[in-house]
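The chain contents come next:
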Amino acid sequence: MISGAAQKKPWWVLVVFLAVLICVGYILTSQVVFGIGFPLDDAWIHQTYARNLAQFGEWSFIPGQLSAGSTAPLWSVLLSIGYLLGLAPYWWTYLLGALCLAVLAITGEKWSRILDGSSPRIFPLVGIFLLGEWHLVWAAASGMETILFGLVILAVFLFLAVRRRDWITGALIGLSIWIRPDGLTLLGPALFQTWLESKSWLERIKRTRDIGLPFSIGLAAYLVFNQLVSNTWLPNTFYAKQTEYAVYQHLPFLERFFSLFSLPMVGAGIFLLPGFVYFIWKSIRNRNWNVLGASMWWAGYTLIYILRLPVVYQHGRYLIPAMPVFFVLGLAGLFDSIPKLRCFPAQPTNKPGLLKRLQRSLSVGWATGVGSLWLVMLFIGAFTYAQDVAIIQTEMVTTARWISQNTPQDALIGAHDIGALGFFGNRKILDLAGLISPQVIPIIRNEPALKVFLDQNKADYLMTFPSWYSELAKGATPVFTTSGKFSPDAGGENMTVYKWP
């Protein structure tokens, strides 16, 4: 038997240590492959807003020009602390990501223990799985708000599971909108669970008030903020991304469905699908509204992206925040259906010997599959992350530095990828993706109209991958190309700067 003192050891310390260790491993792998950086150009958008906020006290991408190009204002504000401390752009960002990953893992472990309803696990299996799941580690070291959003999502379902302090649940949902507007969807499962588990109409009204009031404050403040900086209710990114990728909405529905629903199963998650399905079935029988609300939210959240933004690039970056919900429920179902995986003190059983051996074999086989694939993908993910960083560094960052050193200070640059360009380029920008140039959004896929836009605004240079704007590139003169190897090796091409006629 395991003593009570052993069970009370602070397992969360182990989780924090391993989260930091794994993130450091990814960063060191990146350093070995090419150098440290971020695997997404959009991470530099947050860095630019954070730097300008710290240095100039203004919400701008280009100093002096208010704009709503940051989808996650709260994340940009947190990053700005790094500039005040002299730890930006890298070390403070990496630390924030690692801590968010650790707290996400702790939150997922706590939620799973409530869902399990059995004796406390001696070892934090769910937490360990989450902190080493390659999508989540990649997100933690990406410089993006993704991992913070995933943490808040799990925290919402944790507080719903403990069924107390509804005002905290409402505040978390209101706060989530400041990380991504998608956080608004969390109000659905909160009200779903609250109304179904309440005993009377009076209780329903009281709990709805307790959730709704702090949520409404967060939402109202967010809407006012966007109105002040851009005269729109939501950030420009919300409109720009949907317009730019609207063409994907014409793909067959089943193709979009399987492409997006399979994203969390690229890795050890594939072994969790049976447990996920089983746990939902059990929760329907037991009327566990917390599990049903969470599972319906995950499915509904994915469906929204299937219908509105069905893209899977960058490892499904938009759906990564929802993946921990799938992982926790899948693991909970796995532990519940195969008791041998629980790591509890041995329990007496009267099952026949053959059945016991069969159960043990299934338990060992399933556990081995989950653990082995989890570990393999953790290592593969590190090299994937390193390659992604190398592409951004050798294409976007290299080009932005060239522009800073080889173009006139008053040059006007037209570009689709503005993150590194805004941070390193120190030039005025015409954003062809519409994030800080909202007037582009209606013509975002119309190259003839974009040509007119560049001409009317007297652009001096065009920065792009040649195939992205093939018509624009035909009429311009190339003056620089990166010649980096990582993008072509991954099936891409080199960033090019053109002198605009």
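Description of the structure in this document. Throughout this document, residue positions are counted from 1 along each chain, in the order its sequence is written. Two thresholds apply to this predicted model, a pLDDT of at least 70 for residue-level local features and 80 or more for giving and counting side-chain atom pairs, whereas whole-chain, interface and lining totals are computed over all residues. The basis for the side-chain values is all heavy atoms of the structure; hydrogens and waters are excluded.

Moving on, we get to the layout of surface pockets. By rolling a water-sized probe across the atoms, one finds the places where empty space is left. Looking at the largest pocket, its volume works out to about 980 Å³. Numbering of helices and strands runs from the N terminus; a helix is a DSSP stretch of H or I covering at least four residues, while a strand is a stretch of E covering at least two. Here the lining of the largest pocket gets five residues from one element, more than from any other, and that element is helix α18 (residues 353-406). Lys, Arg, Asp and Glu make up the charged group, whereas Ala, Val, Leu, Ile, Met, Phe, Trp, Tyr, Cys and Pro make up the nonpolar group; the residues left over, Gly among them, are polar. When its residues are assigned to classes, the lining of the largest pocket shows 18 nonpolar, eight polar and 10 charged. Both cavities and pockets are sets of points on a 1 Å grid over the protein atoms alone; in a cavity a 1.4 Å probe fits but cannot get out, in a pocket the set is open with protein on both sides within 12 Å along at least five of seven lines, and lining residues sit with an atom within 4 Å of a point. Grid points are joined across faces, edges and corners, and a volume is the space filled by probe spheres set on the points. Looking at the second largest pocket, its volume works out to about 540 Å³. Looking at the lining of the second largest pocket, the elements with two or more residues in it are α3 (42-56), α11 (201-230), α12 (236-244) and α15 (289-308). Within the lining of the second largest pocket, the residues separate by chemical class into 16 nonpolar, seven polar and seven charged.

Core analysis: the largest hydrophobic core is formed by 160 residues, its most contacted members being Trp111, Leu130 and Val325. Broken down by element, this core gets its largest block of residues, 14 residues, from α18. With residues up to four places along the chain from it excluded, the contact list for Val325 reads Trp111, Ile153, Leu154, Phe157, Ala294, Trp297 and Trp298. Here, nonpolar core means buried Ala, Val, Leu, Ile, Met, Phe, Trp, Tyr and Cys residues that are tied together by side-chain atoms lying within 4.5 Å of each other. Type-normalised accessible area, obtained with a 1.4 Å probe on protein chains alone, sets the label of each residue: buried when under 20%, exposed when over 50%, and partly exposed for intermediate values. What makes two residues a contact is simply this: any of their non-hydrogen atoms within 4.5 Å.

Time to look at the packing of helix α6 (residues 125-132) against helix α17 (residues 323-337). Between the N-to-C directions of two axes lies an angle of 0 to 180 degrees, each axis being a line fitted to C-alpha atoms and, for a helix, fitted only over the stretch in contact. Where α6 meets α17, the axes come as close as 11 Å, and the angle between the chain directions of the two elements is 145°. Between α6 and α17 lies a crossing whose hand is right-handed. Residues Leu125, Val126, Phe129 and Leu130 of α6 touch α17, and the partners they reach there are Pro324, Phe327, Val328, Leu331 and Phe335. Its residues placed into classes, the contact of α6 with α17 shows nine nonpolar, no polar and no charged. Crossing handedness is defined as follows: a turn of the near helix away from the far one that is anticlockwise and smaller than a right angle gives a left-handed crossing, while the clockwise case is right-handed.

Criterion for a salt bridge: a side-chain nitrogen of Lys or Arg within 4 Å of a carboxyl oxygen of Asp or Glu. Across all of its chains, the model carries 11 salt bridges by this definition. The salt bridge partner of Asp42 is Arg317, with a shortest N-O separation of 3.0 Å. Here Asp42, found in helix α3, pairs with Arg317, found in the loop between α16 (313-316) and α17; they are 275 residues apart in sequence, far enough to count as distant. This pair shows no difference in class: Asp42 is buried, exactly as Arg317 is. The closest approach of N and O atoms between Glu109 and Arg113, which form a salt bridge, is 2.6 Å. One end of the pair is Glu109 and the other is Arg113, both in helix α5 (residues 91-116) and four residues apart, which spans about a single turn. The network of salt bridges with common partners includes Glu145, Arg180 and Asp182.

We now examine the side chain of Thr237. With respect to the helices and strands, the residue Thr237 is situated in helix α12. By relative accessible area, Thr237 is classed as buried at 7%. Filtering out sequence-adjacent residues up to four positions away, Thr237 remains in contact with Ala68, Gly69, Thr71 and Leu435.

All right, on to the state of the cysteines then. When two cysteine sulfur atoms are found within 2.5 Å, that pair is recorded as a disulfide. Using the criterion set out here, one finds zero disulfides in the structure. Its sulfur unpaired, Cys23 is 9.9 Å from the next cysteine sulfur, which belongs to Cys100. We classify Cys23 as buried; its relative accessible area is 3%. Overall, Cys100 belongs to the buried group, its relative accessible area being 9%.

This next bit is on the packing of aromatic side chains. Any Phe, Tyr or Trp ring, taking Trp's six-membered ring, that has another such ring centre within 6.5 Å forms a pair; planes under 30 degrees apart are called stacked, those over 60 apart edge-to-face, and the others tilted. A complete count under the given rule lists 38 aromatic pairs for this structure. An aromatic cluster of at least three residues, connected via ring pairs, comprises Trp111, Phe157, Tyr245, Tyr248, Trp297, Tyr301, Tyr305, Tyr313 and Tyr318. Both a distance and an angle decide whether a charge sits over a ring: NZ of Lys or CZ of Arg must be within 6 Å of the ring centre and within 35 degrees of the ring normal. Over the ring of Phe423 we find Arg51, and its NZ or CZ is 4.3 Å from the ring centre. Over the ring of Tyr461 we find Lys499, and its NZ or CZ is 5.3 Å from the ring centre.

That is the geometry; function is a separate question.
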